[in-house]
Amino acid sequence: MQSYFIYLECTQCGARFDSGRLQTVCPGCNAPLAARYDLPSARRELDREQIGAARRGMWRWFGLLPVSDPEKIVNLGEGDTPTLPLPRLAARLGLHELWVKDESFNPTATFKARGLSAAVSRACELGVQRVIIPTAGNAGGAMAAYAARAGVPACVVMPADTPRANIEECRAYGAEVVLVDGLINAAAQLAAQRAREEGWFDLSTFKEPYRLEGKKVMGYEIAQAFGWRLPDVILYPTGGGTGLVGIWKAFSELEALGWLEDRRLPRMVAVQAEGCAPVVRAFEAGAEATAFWENARTSASGLRVPGPFAGRLILRTLRESGGAALAVSEEAIRAAQVQLAGLEGLFVAPEGAATLAGLVELQRRGLLRPDERVLLLNTGTGLKYLE
Ligand SMILES: *Cc1c(COP(=O)(O)O)cnc(C)c1O
Ligand SMILES: [Zn+2]
């Protein structure tokens, strides 16, 4: 096995950075770095069917992931989640084809496992000995699990009112848990300070380049599940935006690899909660960056991200794809959760339910044709949110 990873590139100014050293953000622009691969060589040497036949899981895409030595992979069985049709819901909504990619099958029961498997693997490969993360909840649990698996100490900083399952799982994995008054932005400040003062490596969303790489694999799996023809519309519950940006990055890599049967790319739709919708507000205003959202509130804790660090990248993705950004109410989220459970047997996280609420809103605005193929992302299990 060989990785085609060659360098890191600033997503703002395009400057290149050494992939063999520990990197954070572009020092010039304070913008995220993205991993770049030798895709021309990968195109000649990799075979999409061979990848399909490889051992199950996220790491079957090793050639397109940023770890050099396969022995360094920190693995808990992440990836290869099912893509399920939702025929009863589709009939209700008058849609031809509705699907969900159900990420609740991942270790720690949310898709955060993907990003943290990649980030912890690469950080440890480059010599990191302790990891810290600010989180709205699920990223902390995932980091704590992968850190335990790798045998390195972990510290998780999160709002005091994070769902109880998130706090308890971090403690169970042996992480130090720090609860803060305030939201993920307050947690991020404290984590950055402790990283500086105590030598932890900070795995904040987009402040290191590799969580994005784990999350992008959802994009490869989507292409594979649909026979290398992408859906028309993808609805994604957007907090920090790693999944949205990652899936879009995967599609452009697949294009460069020549693996897509049809060059038409999906419209990417960001769904947020009405009580915390910085991306929606910026999208509607035609702004290039998001502005901080005051008094953020929503039961979908993963969407409680008032100032996403990669706001520009999220907005760029939505516009490049011809997509949209929609806010949904708490009542609509709850109703969608009940519908997915009762009609399709899926007890989804409130964030996942928000995508169904977003779909209804997309239809209401006339932004969807009944013959289009629609994919929802359910990012986690509803079980983690029980009081
Ligand atoms: C973190 C999280 C989100 C938001 O994901 P981003 O990639 O940060 O936008 C959505 N759903 C769940 C369950 C989450 O934990
Ligand atoms: Zn830069």
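Here we summarise the structure given alongside this text. The model shown is predicted, which means the values in this text are computed figures rather than measured ones. (Residues numbered from 1 in each chain as written. Chains lettered and ligands numbered in written order. Predicted model: local features only at pLDDT ≥ 70, side-chain atom pairs only at ≥ 80, totals over all residues. Heavy atoms only, no water.)

## Focus on the site of ligand 1
So, step 1. Residues in close proximity to ligand 1 total 16 residues, the closest being Lys 112, Tyr 236, Gly 239, Gly 241 and Thr 379.
So, step 2. At 2.8 Å from an oxygen atom of ligand 1 is found a side-chain nitrogen or oxygen belonging to Asn 138.
So, step 3. Between ligand 1 and Gly 240, the relevant distance is 2.9 Å, taken from an oxygen atom to a main-chain nitrogen or oxygen of the residue.
So, step 4. When the free accessible area of ligand 1 is taken as 380 Å², the share hidden by the protein chains comes to 96%.
So, step 5. Within the residue set of the shell around ligand 1, elements represented by two or more residues are β10 (233-237) and α9 (242-257).
So, step 6. Per-class residue counts for the shell around ligand 1 are four nonpolar, nine polar and three charged. (Near = heavy atom within 4 Å. Polar contact = N/O pair within 3.5 Å; in protein donor to acceptor, adjacent residues only side chain to side chain. Areas by Shrake-Rupley, 256 points an atom, 1.4 Å probe, with all protein chains shown as cover. Helix = DSSP H or I, 4+ residues; strand = E, 2+ residues; numbered from the N terminus. Nonpolar A, V, L, I, M, F, W, Y, C, P; charged D, E, K, R; others polar.)

## Comments concerning helix α5 (residues 138-150)
So, step 1. An ideal rise of 1.5 Å per residue puts 18 Å on 13 residues; α5 measures up with 18 Å between its terminal C-alpha atoms.
So, step 2. A large share of α5 lies buried, amounting to 10 of its 13 residues.
So, step 3. Listing the buried residues of α5 in full gives Asn 138, Ala 139, Gly 140, Gly 141, Ala 142, Met 143, Ala 144, Ala 145, Tyr 146 and Ala 147.
So, step 4. Tucked inside the fold, the buried residues of α5 contact α4 (112-125), β6 (131-134), β7 (154-159), α6 (164-172) and α8 (211-225). (Expected span 1.5 Å × (residues − 1). Buried < 20%, exposed > 50% of the residue type's maximum accessible area, 1.4 Å probe, protein only. Contact = heavy atoms within 4.5 Å.)

## Quick notes on helix α10 (residues 278-285)
So, step 1. The complete set of buried residues in α10 reads Pro 278, Val 279, Val 280 and Ala 282.
So, step 2. Packed against the buried residues of α10 are β11 (267-273), α11 (311-320) and β12 (324-328).
So, step 3. Just downstream of α10 lies Gly 286, where phi reads positive at about 70°.

## Structural notes on the side chain of Glu 253
So, step 1. With respect to the secondary-structure elements, Glu 253 resides in helix α9.
So, step 2. Taking the relative accessible area as the measure of exposure, Glu 253 reaches 4% and is therefore buried.

## Let's talk about the environment of Val 348
So, step 1. Here Val 348 is to be found in the loop between α12 (330-344) and α13 (350-364).
So, step 2. Judged by relative accessible area, Val 348 falls into the buried class, the value being 2%.
So, step 3. Residues Val 348 and Val 74, spaced 274 residues apart in sequence, show a C-alpha to C-alpha distance of 26 Å.
So, step 4. Ignoring any residue separated from it by four or fewer positions in sequence, one finds Val 348 in contact with Gln 337, Leu 340, Ala 353, Asn 378, Gly 380, Thr 381 and Gly 382.

## As for the coordination of the zinc ion (ligand 2)
So, step 1. Around the zinc ion (ligand 2), the protein contributes the donor atoms Cys 10 (SG), Cys 13 (SG), Cys 26 (SG) and Cys 29 (SG), which lie 2.2 to 2.4 Å from the metal centre.
So, step 2. Here the zinc ion (ligand 2) is ringed by four donor atoms whose angles at the metal span 105 to 116°, and the overall shape comes out tetrahedral.
So, step 3. For the zinc ion (ligand 2), the single-chain donor residues occur in sequence as C-x2-C-x12-C-x2-C. Here Cys 10, found in strand β1 (residues 5-10), pairs with Cys 29, found in the loop between β2 (16-18) and β3 (33-37); they are 19 residues apart in sequence, far enough to count as distant.
So, step 4. Judged by relative accessible area, which is 31%, Cys 29 ranks as partly exposed. (Donors = N, O, S within 2.8 Å, 3.2 Å for Na, K, Ca; no water. Tetrahedral: all angles 85-135°; square planar, octahedral: opposite > 155°, others 65-115°.)

## Details of the sheet that holds β1
So, step 1. Spatial strand order, β2-β1-β3: three strands in an open sheet with antiparallel pairing. Pairing within the sheet leaves two strands with one partner each, and these edge strands are β2 and β3. In this sheet, adjacent strand axes meet at a mean angle of 40° when their direction is disregarded.
So, step 2. Pairing analysis gives three bridges linking β1 to β2, with the strands arranged antiparallel. Following the sheet pairing, Leu 8 is matched in β2 by Phe 17. (Pairing = 2+ DSSP bridges. Axes fitted to C-alpha atoms, helices over the stretch in contact; angles between N-to-C directions.)

## Section: a nonpolar patch on the surface
So, step 1. A cluster of nonpolar residues, Phe 347, Leu 383 and Leu 386, forms a patch on the protein surface that exposes about 300 Å² of accessible area.
So, step 2. Relative to the elements of secondary structure, Phe 347 occurs in the loop between α12 and α13. (Patch = residues over 30% accessible without salt bridge, like charges linked within 9 Å, V, L, I, M, F, W, Y side chains within 5 Å. Salt bridge = Lys/Arg side-chain N within 4 Å of Asp/Glu carboxyl O.)

## Things to note about the sheet that holds strand β9 (residues 201-202)
So, step 1. The four strands are arranged β8-β7-β6-β9 in an open sheet whose pairing can be described as parallel. The outermost strands of the open sheet, each flanked by one partner alone, are β8 (176-180) and β9.
So, step 2. Taken strand by strand, α6 contacts β7 and β8, and its axis lies near 150° from that of β8.

## Brief notes about the packing of α4 against α8
So, step 1. At a closest axis distance of 6 Å, the pairing of α4 and α8 adopts a crossing angle of 130°. Here α4 lies oblique to α8, going by the angle between them. Helix-helix and strand crossings are classified by hand; for α4 and α8 the assignment is right-handed. Contacts between α4 and α8 pair Lys 112, Arg 114, Gly 115, Leu 116, Ala 118 and Ala 119 from the former with Arg 211, Gly 214, Lys 215, Val 217, Met 218 and Glu 221 from the latter.
So, step 2. When the residues that make up the contact of α4 with α8 are grouped by side-chain class, the tally is five nonpolar, two polar and five charged. (Parallel < 35°, antiparallel > 145°, perpendicular 65-115°, else oblique. Left-handed = near helix turned anticlockwise from the far one by under 90°.)

## Some points on the packing of α5 against α6
Each pair of packed helices can be summarised by the angle the axes make with each other and by the distance between the axes.
So, step 1. With their axes 9 Å apart at the nearest point, α5 and α6 run at an angle of 15° to one another. Regarding the angle of α5 to α6, the classification is roughly parallel. The handedness of the crossing between α5 and α6 comes out as left-handed. Packed against α5, whose contacting residues are Asn 138, Gly 140, Gly 141 and Ala 144, the element α6 presents Asn 166, Glu 169 and Cys 170 at the interface.
So, step 2. Its residues placed into classes, the contact of α5 with α6 shows two nonpolar, four polar and one charged.

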